[in-house]
Structures are given as structure tokens and as C-alpha cells.
Amino acid sequence: MKDLKVLVAEDEYLILMGLKSNLENLGYKVVGEATNGEELIKLALEKKPDMIIADINLPVMDGLEALRRISEKVFIPTLIVSGYDDEELIDKAKNLGVLGYLIKPIDESDLKAEIEIALSRFEDIKNLKNELEVTKETLESRKLIEKAKGIVMERLRLNEEESMKFLQKKSRNSNKKLVDVAQEIIEADKAFRID
């Protein structure tokens with residue numbers, strides 16, 4: 001992904017410039033440079049990068065807190081940078097959904113590998129979230145159809161199979177989705193019961 005837009009957050013100027021240079025050498029575009037946690041949040045929401053690479057220890061607000069706040073608003077793959085290998089920090093980063101943890105100094109080849117792995121994991125997570133959303137929608141639709149089928153069975157004194165055929169025919173004749181027909185029947189039944 002050569003046109004990857006990366007937001008970098010690092011308060012040490014030389015490390016920031018080195019990171020930026022490595023990213024550009026790899027063909028990525030640095031769309032923003034934050035030097036503190038608040039700036040990181042502002043730039044992330046403004047620039048909408050494809051990836052964030054942030055130092056844990058940022059002034060004003062630490063990197064993990066800034067990333068937590070960003071993740072409440074947008075889903076962006078993130079790599080954390082730290083000067084030391086600290087189990088507690090690694091656990092906090094994992095719990096935030098950070099996709100990689102780099103120890104300074106950062107080698108260009110290590111950076112490339114981490115980015116590629118993080119992007120692959122991010123795609124997997126995105127796909128799982130989409131599948132979950134489709135499954136939820138399907139389940140909700142099925143519940144509505146079953147409820148409408150029950151109403152039709154009660155109102156028209158039909159068995160389950162006849163009731164389903166009735167709904168399907170109504171769907172075809174009105175050129176509407178089955179779930180939309182079911183919703184209309186449920187709404188009409190509510191209005192009928194209130195009056």
C-alpha cells in the first residue's frame with residue numbers, strides 16, 4: 001500500500017524526523033506530525049490518516065490516552081513506539097487494540113514489516129466487524145419477519161407455511177423487501193391494537 005497516509009506522533013524532534021524519513025523512503029506519505037497527545041487527536045480527526053504511529057510518552061496527554069480517545073470516534077490502525085520494552089505498557093496497548101509495538105531506535109525494515117502486519121490485521125478486524133454487522137442485521141430481519149408472520153397467522157387464521165407465503169406474495173406484489181413488508185405489518189398491528 002504505497003499511498004498509505006501516516007500520522008506520526010513523537011515529541012523528540014530527531015526521532016520524529018528519522019521516523020518521517022523512514023516512512024517516506026518506504027513510499028508512504030506522512031500527512032501530519034504531532035508532538036503531543038492533544039495535537040495527535042486533533043490531527044487524526046482532521047487528516048483521517050490510514051495509519052497512526054505514536055510514541056507512548058507524549059507531553060500534555062500520553063499517547064495511549066490520545067489513541068483511546070481517537071478510537072472512540074474513528075477506527076484507524078495504530079502502531080505504538082516506545083523507548084523500552086515494558087509489559088504493563090504492552091498490555092495497555094493491546095487492550096486499546098494497538099496493532100504493533102516498536103522499540104526505539106526503529107529500523108526501516110522493522111518498520112516496514114510492522115506496518116504490513118498491522119494493515120493485514122486491520123483488514124481482518126474490519127472484515128470481521130462487517131460480517132458481525134451483517135449477521136446482526138440478518139437476525140433483526142428474521143425477528144421482524146417471524147413477528148409479522150405471527151400477526152398474519154393470528155389475523156388471517158393461517159398456518160405458519162401459509163403465513164410465510166402470504167408475506168412473500170405481498171413482498172413481490174409491492175416490490176418491497178420482505179423485511180420492509182414485515183415492518184409495515186407490525187406497525188399496522190400496533191396502530192390497530194392502540195385504537
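The rules behind the values
Residues numbered from 1 in each chain as written. Predicted model: local features only at pLDDT ≥ 70, side-chain atom pairs only at ≥ 80, totals over all residues. Heavy atoms only, no water. Core = buried A, V, L, I, M, F, W, Y, C linked by side-chain atoms within 4.5 Å. Buried < 20%, exposed > 50% of the residue type's maximum accessible area, 1.4 Å probe, protein only. Helix = DSSP H or I, 4+ residues; strand = E, 2+ residues; numbered from the N terminus. Contact = heavy atoms within 4.5 Å. Expected span 1.5 Å × (residues − 1). Arc of directions from axis to C-beta. pLDDT = per-residue confidence, 0-100. Pairing = 2+ DSSP bridges. Axes fitted to C-alpha atoms, helices over the stretch in contact; angles between N-to-C directions.

A. Main features of the nonpolar core. Ranked by size, the top nonpolar core spans 23 residues in total, and within it Leu40, Ile52, Leu67, Ile70, Ile80 and Tyr101 carry the most contacts. Contributing elements (two or more residues each) for this core: β1 (5-9), α2 (37-47), β3 (51-55), α3 (63-73) and α4 (87-96). Those residues in contact with Leu40, other than ones at most four positions away along the chain, are Leu7, Ala9, Ala34, Ile52, Ala54, Leu58, Ala66, Leu67 and Ile70. Judged by nonpolar contacts, the second largest core, of 21 residues, contains Val8, Val30, Val81 and Ala118.

B. View of helix α1 (residues 13-25). Across its 13 residues, α1 extends 18 Å between first and last C-alpha, which sits within 8% of the 18 Å expected from 1.5 Å per residue. The complete set of buried residues in α1 reads Leu16, Leu19, Asn22 and Leu23. Along α1, the residues classed as buried sweep out an arc of 130 degrees about the axis, all on the same side. Seen from the buried face of α1, the exposed residues on the opposite side, beyond 90 degrees, are Tyr13, Leu14 and Asn25. For α1, the elements touching its buried residues are β1, β2 (29-34), β3 and α5 (108-156). Once α1 finishes, Gly27 follows within two positions and takes phi at roughly 95 degrees, a positive value.

C. Just the confidence of the model for the protein chain, in detail. For the protein chain, the average pLDDT comes to 88, and 97% of its residues sit at 70 or higher. Mean pLDDT across the elements of the protein chain bottoms out in α4 (75) and peaks in β1 (95).

D. Representation of the sheet that holds β2 in the model. Read across the open sheet, the five strands follow the order β2-β1-β3-β4-β5; overall the sheet is parallel. Single-partner strands in this sheet number two, and they are β2 and β5 (100-103). Strand-to-strand, the axes of this sheet are offset by a mean angle of 20 degrees, without reference to chain direction. Two strands pair when backbone bridges link them, and β1 and β2 are joined in this way by five bridges, in the parallel orientation. Looking across to β2, one finds that Leu7 is bridged to Gly32.

E. Region of the structure containing the environment of Asp85. Structurally, Asp85 is set in the loop between β4 (78-82) and α4. Among the residues examined, Asp85 registers a relative accessible area of 59% and is labelled exposed. Here the alpha-carbon distance between Asp85 and Ile103, two residues 18 residues apart in the chain, equals 6.7 Å. Discounting chain neighbours no more than four positions away, the residues touching Asp85 are Ile90 and Ile103.

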